[in-house]
Amino acid sequence: MVGTLNLWGLTKTVLFYALVVFIVVVSVFPFYYAILTSFKSGTDLFRITYWPTSFSWNNYRRCSIPAVSLRNLLNSVFVASVTVLLALFLAVTASFALSRVRFRGRSLLLMTIPAVSMFPQIVVLAGLFEVIRFLGIYNTPRALIFSYTIFTLPFTVWVLTTFMRDLPVEIEEAAIVDGASPRVIITRVFLPLMWPALVTTGLLAFIGAWNEFLFALTFTSSNNTRTVPVAIALLSGGSQYETPWGLIMAASVIVTVPLVIPVLIFQRKIVSGLTAGGVKS
Amino acid sequence: MASIELRKIRKAFGAVEVIKGVDSEVRSGEFMVFVGPSGCGKSTLLRLISGLEDITSGEMLFDGKVVNALAPSKRGIAMVFQSYALYPHMSVYENMAFGLTLEKGHDKEEIRQRVEKAADMLQIRQYLDRLPKQLSGSAAAVAIGRAITRDPKVFLFDEPLSNLDAALRVATRIEIAKLHESMNNVTMIYVTHDQVEAMTLADRICVLRDGVIEQVGTPMELYEKPNSVFVAGFIGSPKMNFISGDKAASFDADTVGIRGEHITIVPDNGTERHGDPHRKSGCG
């Protein structure tokens, strides 16, 4: 009896770890393959290998010259950062109203907000294009900031509203008794308590803006205003029949690194923020 | 120094009326306790006085001036909340200084002196650098300290002892009583459902039930001359004994109440009555 029991336990453990390995492999493989490809050159690219056979920095050297320029990288950083700051500012003020101020139609408004992001991007593309032309911001970073903010806000507002609703009302009331205006309550009492939520939503908004492709392709026309994803996609080889996969992969790796760094930095902040708490109820 | 007058105060949340016409007065420098069962409206009444809730109808006067539309911070009040509501991200010092930093006309040195004076008074000076989560038992003291620092005319307490364990509750209660003695020109209003707290702390007690005042008086008045069966049953522990029916009819009353300490047990003739019961409550 004991023998079969152990056998069953062993099988369970093995199956569990097999599943873990399977999930890890499936989710990591595309990235691994991208990195692998970025180190290949010449016809090696079209030979499917799962381990590095040849190793060259060639793609990286080539891509650092004109293809995906520093300019594109700066565009991406600028657009994504401004989008995050703008979206967080609007979302914090909106969520304060939605979670703490009683007004007519509040719940209806709250239900309508996510509906905005239900529309597929392609549906609003033409309309948004007209608006951007009308505002005269076509082919500028402002066009991208404008459209990204529109699509980021619903999510940001929702997350911050639910978070702010969970902050104890008594803390706000204590601040009111202390003589704090709504602005002071938001900046000096709520914001410090909302760090974890701000970092999380900000990070997701940043990633969304960083990776966005369709708007970035549509609302820009010159290489000087393009963001990295578009610049990568538009990389072309020697002839129109050649796709420079090695170059694309090398550029993608370069682009991903700046994203991983803030995630690693803020990860600690998120964890320490979540455990801060300290409100007795 | 402030007296508070309530004139026909009503408060409704939507269709539900919680405070149904309260007329009362809190004298200057007095320790007034609002007491009553849960849901009687005592906390709402305190919030109306603080200005955190708007009054539906009626008038609220501080020192003879109508304050209905005045913001809480302009009324000269300070409040100790049930959960203490300390700002979790600020140190004890910053918590206590926050209100003063928002007011204009206090320089850093003055704020520091006032915070330290309040901290000394409550013996929490050694905690000034800590965060609220690092305080175990002294959160109540810090909340009281935050209120003192602002130098209010009226102190409002919303069940400040209900989150404390028994020993700490007694200690903090003594602390509050001492505070009232040392600040004898500050009016204090204290809400509790615990009649022991009410009896030990109050100059006067206001018993509330279903949004109306049942009786206002000193602890001894309420204990010895309750106006109604409700007050008689609510005040005093162990509870007053009520006798109704035929036995009560012989006193010309519906219900007769006798405090336990006024009953003498006699070895023989147990059913015989020696003298009149002290308190009768004629009902209806």
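Everything numeric in this text was worked out from a predicted model, so none of it was measured. Starting afresh in each chain, residues are numbered from 1 along the sequence in its written order. Chains and ligands are labelled by the order in which they are written, letters from A for the one and numbers from 1 for the other. For this predicted model, a pLDDT threshold of at least 70 governs which residues receive local features, and a threshold of 80 or more governs which side-chain atom pairs are given and counted, while totals over whole chains, interfaces and linings are taken from all residues.

Here's the deal with the overall build of chain A
Secondary structure summary: chain A contains 12 helices and 0 strands in total. Labels follow the DSSP assignment, with helices taken as runs of H or I lasting at least four residues and strands as runs of E lasting at least two, numbered in each case from the N terminus. Its helices and strands in sequence order give chain A the pattern α-α-α-α-α-α-α-α-α-α-α-α, from N to C terminus. Within chain A, contacts between residues separated by at least 24 positions form 77% of all contacts whose residues are at least 6 apart in sequence. C-beta atoms are first placed from the backbone for all residues, and any pair lying within 7 Å is then listed as a contact.

A closer look at the overall build of chain B
Along its length, chain B carries 9 helices and 13 strands. Across its three principal directions, the C-alpha atoms of chain B cover 75 × 45 × 30 Å. Put plainly, a residue is buried at 20 or more neighbouring C-beta atoms within 10 Å of its own, exposed at 12 or fewer, and partly exposed in between, counting only other residues' C-beta atoms, which are placed from the backbone. Within the span of chain B, comprising 284 residues, buried residues form 39% of the whole. Contacts spanning at least 24 positions in sequence make up 62% of the contacts within chain B whose residues lie at least 6 apart.

A few points about the interface of chain B and chain A
How big an interface is tends to be reported as the loss of accessible area on association of its parts. Taken residue by residue, the interface counts 23 residues in chain B and 20 residues in chain A. Sorting the residues of the side of chain B that touches chain A by element identifies strand E6 (77–80) and helix H2 (92–102) of chain B as the ones contributing at least two each. Each residue belonging to the side of chain B that touches chain A can be placed in one class, and the counts come to 15 nonpolar, 6 polar and 2 charged. When residue character is reported, Ala, Val, Leu, Ile, Met, Phe, Trp, Tyr, Cys and Pro are called nonpolar, Asp, Glu, Lys and Arg charged, and the others, Gly included, polar.

Some thoughts on the domain arrangement of chain B
Domain start and stop positions are those given by an automatic or database domain assignment. On domain assignment, one finds that chain B holds domain 1 (26–54 + 65–229) and domain 2 (238–281). Distance between the C-alpha centres of domain 1 of chain B and domain 2 of chain B: 40 Å.

Digging into unusual backbone geometry
With an omega dihedral of 0 degrees, the bond running from B:Ser237 to B:Pro238 counts as a cis peptide bond. Take B:Pro238: it is sitting in the loop between helix H8 (229–234) and strand E11 (241–244). The phi dihedral of A:Asn139 is positive, around 60 degrees, even though this residue is not glycine. By C-beta crowding, A:Asn139 is classed as partly exposed, having 16 other C-beta atoms within 10 Å. The backbone of B:Ala85 sits at a positive phi, close to 50 degrees, despite the residue not being glycine.

Points about the sheet that holds strand E10 (residues 212–217) of chain B
Strand pairs in the sheet, formed through backbone hydrogen bonds, run parallel or antiparallel to each other. Residue and element names in this part refer to chain B. What the 6 strands build is an open sheet, ordered E6-E7-E8-E3-E9-E10; its pairing is mixed. In this open sheet, the two edge strands, each paired with only one partner strand, are E6 and E10. Strand after strand, the sheet turns through a mean of 20 degrees between neighbouring axes, direction not considered. Bridging between strand E9 (residues 204–209) and E10 involves 5 bridges; their strand directions are antiparallel. What sits directly across from Arg-209, in E10, is Val-212. Here helix H4 (residues 139–149) sits on the sheet in contact with E6 and strand E7 (154–158), set at roughly 175 degrees to E6. In this analysis, strands are considered paired if DSSP registers two or more bridges between them. For helices, the axis comes from a line fit to the C-alpha atoms of the stretch in contact; other axes are also lines fit to C-alpha atoms, and the angle between any two N-to-C directions lies between 0 and 180 degrees.

What to know about the sheet that holds strand E1 (residues 4–13) of chain B
Residues and elements named next belong to chain B. The strand order E2-E1-E4-E5 describes an open sheet built from 4 strands, whose pairing is antiparallel. For this open sheet the edge positions go to strand E2 (16–26) and strand E5 (65–66), each flanked by a neighbour on one side alone. With 5 bridges connecting them, E1 and strand E4 (residues 57–62) associate as antiparallel partners. The residue bridging Arg-10 from the neighbouring strand is Ser-57, located in E4. The sheet strands contacting helix H1 (residues 42–50) are E1, E2 and E4, and the helix crosses E2 at an angle near 65 degrees.

Some details on the packing of helix H3 (residues 70–100) of chain A against helix H9 (residues 195–211) of chain A
Residues and elements named next belong to chain A. At a minimum axis separation of 9 Å, H3 and H9 run at an interaxial angle of 140 degrees. Taken together, the axes of H3 and H9 are oblique relative to one another. The two elements H3 and H9 cross, and the hand of that crossing is right-handed. Listed contacts from H9 to Ser-76, Val-79, Ala-80, Thr-83, Val-84, Ala-87 and Leu-88 of H3 are Leu-198, Gly-202, Ala-205, Phe-206, Ala-209 and Trp-210. Throughout, the term roughly parallel applies to angles under 35 degrees, roughly antiparallel to angles over 145, roughly perpendicular to angles from 65 to 115, and oblique to all others. For a crossing to be left-handed, the near helix must be turned anticlockwise from the far one by less than a right angle; the clockwise case is right-handed.

Some points on the confidence of the model for chain B
Residues and elements named next belong to chain B. Every residue carries a pLDDT, the predictor's confidence in it, which falls somewhere between 0 and 100. Counting all residues, the mean pLDDT for chain B is 87, and 94% of those residues have values of 70 or more. In this model residues 278–284 is a low-confidence stretch, pLDDT under 50, and it forms 18 contacts with partners more than four residues away in sequence or in other chains. Prediction confidence for the complex, expressed as pTM and ipTM, is 0.76 and 0.84 respectively.

Quick look at the pairing of E6(B)
For a regular strand, side chains alternate in direction, first toward one face of the sheet and then toward the other. Residue and element names in this part refer to chain B. Burial of E6 is two-sided: the residues Ile-77 and Met-79 facing one way and the residues Ala-78 and Val-80 facing the other way are all buried. When E6 meets E7, the two strands line up parallel, connected through 4 bridges. Paired with Val-80 across the strands is Phe-157, a residue of E7.

Description of the nonpolar core
Nonpolar cores are identified as sets of buried Ala, Val, Leu, Ile, Met, Phe, Trp, Tyr and Cys residues joined via C-beta atoms within 7 Å. Within the largest apolar cluster, 122 residues are counted, with the highest numbers of intra-cluster contacts made by B:Val33, B:Phe34, B:Ala143, B:Leu156 and B:Ile189. The dominant element in this core, judged by the number of residues it contributes, is helix H6 (residues 141–166) of chain A, at 9 residues. Not counting chain neighbours up to four residues away, the residues in contact with B:Leu156 comprise B:Leu46, B:Ile49, B:Ser50, B:Ile77, B:Met79 and B:Ile189.

Structural notes on the confidence of the model for chain A
With 88% of its residues at a pLDDT of at least 70, chain A reaches an overall mean of 83. Taking the mean pLDDT of every element in chain A, the minimum, 64, falls on helix H2 (residues 58–67) of chain A and the maximum, 92, on helix H7 (residues 169–177) of chain A.

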